[in-house]
Amino acid sequence: MAFVSVPAALRTGAVAKATTSVASSSSVFVASNRRVQVPAAGAASASPSGVVMQATATAKKSIKDLTAADLAGKRVLVRCDLNVPLDGKTITDDTRIRASIPTIEYLTAAGAKVLLSSHLGRPKSGPEDKFSLAPVATRLSELLKKDVKMAPDCIGDGVAEIVSGMSNGDVTLLENVRFYKEETANDTEFAKKLAANADMFVNDAFGTAHRAHGSTAGVTEFLRPSVAGLLLEKELAYLAGAVSNPKRPFAAIVGGSKVSSKIGVIESMLDKVDKLVIVGGMVFTFLKARGLSTGSSLVEDDKIELAKELEEIAAKKGVKIILPVDVVAADKFAPDAKTQLVSVDAIPDDTMGLDQGPKSTELINAELADCKTVLWNGPAGVFEFDAFATGTYAIANTLAEVTANGATTIIGGGDSVAAVEKAGLAEKMSHISTGGDFTRAYGVLLGRQPGRVVEVCHSFEVPLITETGGPGGGVAGRQTLDPVFLAGRIEQYKQVFPALSVVGWYVSGGWIGEEDAAIHSDVMLRLHESPILMVVNPRAALPRAAATGVAAHLATLHTAAGRLDDKVRVVGAYLAAVEAGTIAVDGSGAEGDLLRRVGAVAARLVSAEGVGGGSVRGGAGAELGDGRVVTYLAGVTKGIGLMSEVVDAFRGGHAS
Ligand SMILES: Nc1ncnc2c1ncn2[C@@H]1O[C@H](COP(=O)(O)OP(=O)(O)OP(=O)(O)O)[C@@H](O)[C@H]1O
Ligand SMILES: O=C(O)[C@H](O)COP(=O)(O)O
């Protein structure tokens, strides 16, 4: 197998006729595993909040150590971080929910009864409807394609009753654990009640890993085994490598509004980073500590002394602290607030800083430009309001640029990830923490192989699934290409491009790992005796030749669509004739037969959406425009022969 690194934008299969010719030699597969090892117990790691912590979870077993026999029929309490941003009851970013799916599917596939628990927001005292996890249950049901029951509470008889009615493979979401103040107090009795409905515990709440609360730490006293979930394991593995052995200069950007939560961890970060960039609501406590006036900006007065100490520690350690030099000051916290751009030493008393100014952005960009590792947690302004989003998006853009230049960038935190997603830049970062691996896309290459030269003419993206383990189920927890989708899509392409066959596959991200090696041997070698693997760097510029290839390919599709349109028009004429009464529709004779054939054609069109277990529609949706056209064409091409017969018969029948 040849291994080629092609700087072409093959993501989503948009570059169809890249006409990349590569030599196909026999199997030389360089499996460079980027996925770093999970650190030993006690090694420093980081949470998505940039929180440096002791990675005790890594010393424990993971769910991969549990077999189906260990899990079948067991009630498994899974702590997830489903603390997603909401606009009323609408989830505005479901990254954390999606990231929780592999663990849930792993457990349900093994026949466990899954009890999910999470916090949402920071309710002050008791239950509050706006902090209910109910919208999350709805989204989970969609993603898991099964009903996820929403429990009205997280402890108590009501929950016990629901759990006793669960079948193997069922999923129930418990209500917000923070509706009990005992949760954050890590109260033993509360943890005991939470554990009472389960046999074992899985912690997959990476975003909450730095909190010793009842549902994260307390329950482990009562449930054995207590193990790490797939997400927690994956995140720790990635971050441990990036943070414990970073390429330097290493910068952390800390912002957002949770000043008291985050300021406390800055000290431990000062042991690691070369530069600390303070942005967002975090800025003003530091400015006040420097003796500046901050108006009505967000300040946590009891942290001012800490901010002063941190500046001193940073100076001793030689860590550069970068603070904004200008801010957008607003007269109120509102999207239509009156604003003025002011220097940080001239913030008017009756205003609050809601975004950084352009000089700050310039300064921060310059500081980040030479960095080789950057952690970012917390937006640089109230980006939810357009008027104060500029600074946050500017940082996102800069990080996309430094990533393209070879730096490792890690974005963590609910709102920071949401901002990067909103800016459309998630794929340009190295790692979106608690968001699955956005940097990678997998797909199949179609082409011709006359002799030793492979001509790649087409590609399509293939979604991943998590293997369930057991006989025929691969290795539990491992990601692989969705076999149903793959088979369905290959069949479709055969219809449209019969001269092309599978010649290999591609993966984006510029590197290959262990799971990729398994895909190569377990999936691709079954489709081709010597498949090529194209490692795509989607960040590199699209070469001119490839752009020309796209144009040529689109022209081909256009012609095919035109031909199809001609056929559809004839069928339309038939239907018009039926409507006009010039041809009988009573199901008798040749005309009835024609009608049945038209029905069959129509059915084929509709069934094209169902190929691949219903996933084609979703898959096509995930692809760019030409992918949709091919899906459509694939479905109808099969029917074109039938249509031709209809046309002939109609012409003949009508004439007679
Ligand atoms: N200058 C500011 N004043 C007030 N709020 C701010 C300011 N800058 C940013 N914010 C707010 O900070 C919030 C996000 O802060 P937060 O600390 O929760 O970040 P995050 O990325 O969600 O991290 P995590 O999930 O780790 O808490 C946003 O809602 C944003 O509007
Ligand atoms: O969003 C987060 O940072 C986590 O869900 C933890 O939330 P918390 O800061 O309210 O504990």
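Residues numbered from 1 in each chain as written. Chains lettered and ligands numbered in written order. Predicted model: local features only at pLDDT ≥ 70, side-chain atom pairs only at ≥ 80, totals over all residues. Heavy atoms only, no water.

Draft legend 1. Looking closely at the side chain of Thr-398. Among the structural elements, Thr-398 can be located in helix α12 (residues 390-404). Sequence-distant contacts of Thr-398, defined by excluding residues within four places in its chain, comprise Asn-365 and Leu-368. (Helix = DSSP H or I, 4+ residues; strand = E, 2+ residues; numbered from the N terminus. Contact = heavy atoms within 4.5 Å.)

Draft legend 2. Looking closely at the site of ligand 1. As a matter of local geometry, ligand 1 sits amid 21 residues, with Lys-258, Lys-262, Glu-384, Gly-414 and Ser-416 nearest to it. One nitrogen or oxygen atom from the main chain of Asp-415 is found 2.8 Å from an oxygen atom belonging to ligand 1. A total of 3 residues in the shell around ligand 1 trace back to one element, the largest contributor, which is helix α13 (residues 414-422). In the shell around ligand 1, the residues fall into 4 nonpolar, 12 polar and 5 charged. (Near = heavy atom within 4 Å. Polar contact = N/O pair within 3.5 Å; in protein donor to acceptor, adjacent residues only side chain to side chain. Nonpolar A, V, L, I, M, F, W, Y, C, P; charged D, E, K, R; others polar.)

Draft legend 3. Broad picture of the confidence of the model for the chain. Confidence in the prediction of the chain, expressed as mean pLDDT, is 77, and 69% of residues score 70 or more. Of the regions scoring below 50 in pLDDT, residues 1-60 engages in 188 contacts with residues more than four places distant in sequence or in other chains. Ignoring residues within four places in sequence, the model shows residues 435-439, a span with pLDDT below 50, making 23 contacts including any to other chains. Model confidence for the complex is summarised by a pTM of 0.49, with the ipTM given as 0.85. (pLDDT = per-residue confidence, 0-100.)

Draft legend 4. Geometry of the nonpolar core. Judged by nonpolar contacts, the single largest core of 36 residues is most densely connected at Ile-266, Leu-270, Leu-276, Ile-278 and Phe-286. Secondary structure elements with two or more residues in this core: α7 (230-244), β13 (250-254), α8 (259-269), β14 (275-278), α9 (283-289), α10 (304-317) and β16 (326-330). Non-local contacts of Phe-286, meaning those with residues more than four positions away in its chain, are made with Ile-263, Ile-266, Ile-278, Ala-307, Leu-310, Glu-311 and Leu-323. The next biggest cluster of nonpolar side chains, apart from the first, holds 31 residues, and it includes Ile-101, Ala-110, Leu-133 and Leu-144. (Core = buried A, V, L, I, M, F, W, Y, C linked by side-chain atoms within 4.5 Å. Buried < 20%, exposed > 50% of the residue type's maximum accessible area, 1.4 Å probe, protein only.)

Draft legend 5. Highlighting helix α3 (residues 134-144). Those residues of α3 not exposed but buried are Pro-135, Val-136, Ala-137, Leu-140, Ser-141, Leu-143 and Leu-144. Positioned one or two residues after α3, Lys-145 has a phi angle of 55°, which is positive.

Draft legend 6. Structural context of the pairing of strand β11 (residues 200-203). Side chains of β11 alternate between two faces, with Met-200 and Val-202 and Phe-201 and Asn-203 buried alike. Relative to strand β12 (residues 226-228), β11 is paired through 3 bridges, and the arrangement is parallel. Across the sheet, Phe-201 pairs through a bridge with Ser-226, a residue of β12. (Pairing = 2+ DSSP bridges.)

Draft legend 7. Examining the pairing of β14 more closely. The alternating pattern of β14 places Lys-275 and Val-277 on one face and Leu-276 and Ile-278 on the opposite face, and all of these are buried. Of the strand pairs in this sheet, β13 and β14 are connected by 4 bridges, and their pairing is parallel. When the sheet's bridge partners are listed, Ile-253 is paired in β14 with Val-277. As paired elements, β14 and strand β15 (residues 320-322) share 3 bridges and run parallel to each other.

Draft legend 8. Spatial organisation of α13. Those residues of α13 that sit buried are Gly-414, Ser-416, Val-417, Ala-418, Ala-419 and Val-420. Buried positions along α13 lie against α2 (95-109), β19 (373-377), α12, β20 (408-412) and β21 (431-432).

Draft legend 9. Inspection of the site of ligand 2 at higher detail. The immediate surroundings of ligand 2 are formed by 10 residues, with Asp-81, Asn-83, Arg-122, Arg-178 and Arg-211 found nearest. Here an oxygen atom of ligand 2 and a side-chain polar atom of Arg-178 are 2.6 Å apart. Summarising the interface, the protein chains cover 94% of the accessible area of ligand 2, which totals 310 Å² for the free molecule. Partitioning the shell around ligand 2 into residue classes produces no nonpolar, 4 polar and 6 charged. (Areas by Shrake-Rupley, 256 points an atom, 1.4 Å probe, with all protein chains shown as cover.)

Draft legend 10. Structural view of the sheet that holds strand β8 (residues 113-117). In space, the 6 strands of this open sheet follow the order β9-β10-β8-β5-β11-β12, with parallel pairing throughout. One side of each edge strand has no neighbouring strand; the edge strands of this open sheet are β9 (148-150) and β12. Direction aside, the axes of adjacent strands within the sheet are offset by 25° on average. Where β9 meets strand β10 (residues 171-173), 3 bridges bridge the pair, whose relative direction is parallel. When the sheet's bridge partners are listed, Lys-149 is paired in β10 with Thr-172. Along the sheet, α2 contacts β5 (75-79), β8, β10 and β11; its crossing angle with β8, the most-contacted strand, is approximately 155°. (Axes fitted to C-alpha atoms, helices over the stretch in contact; angles between N-to-C directions.)

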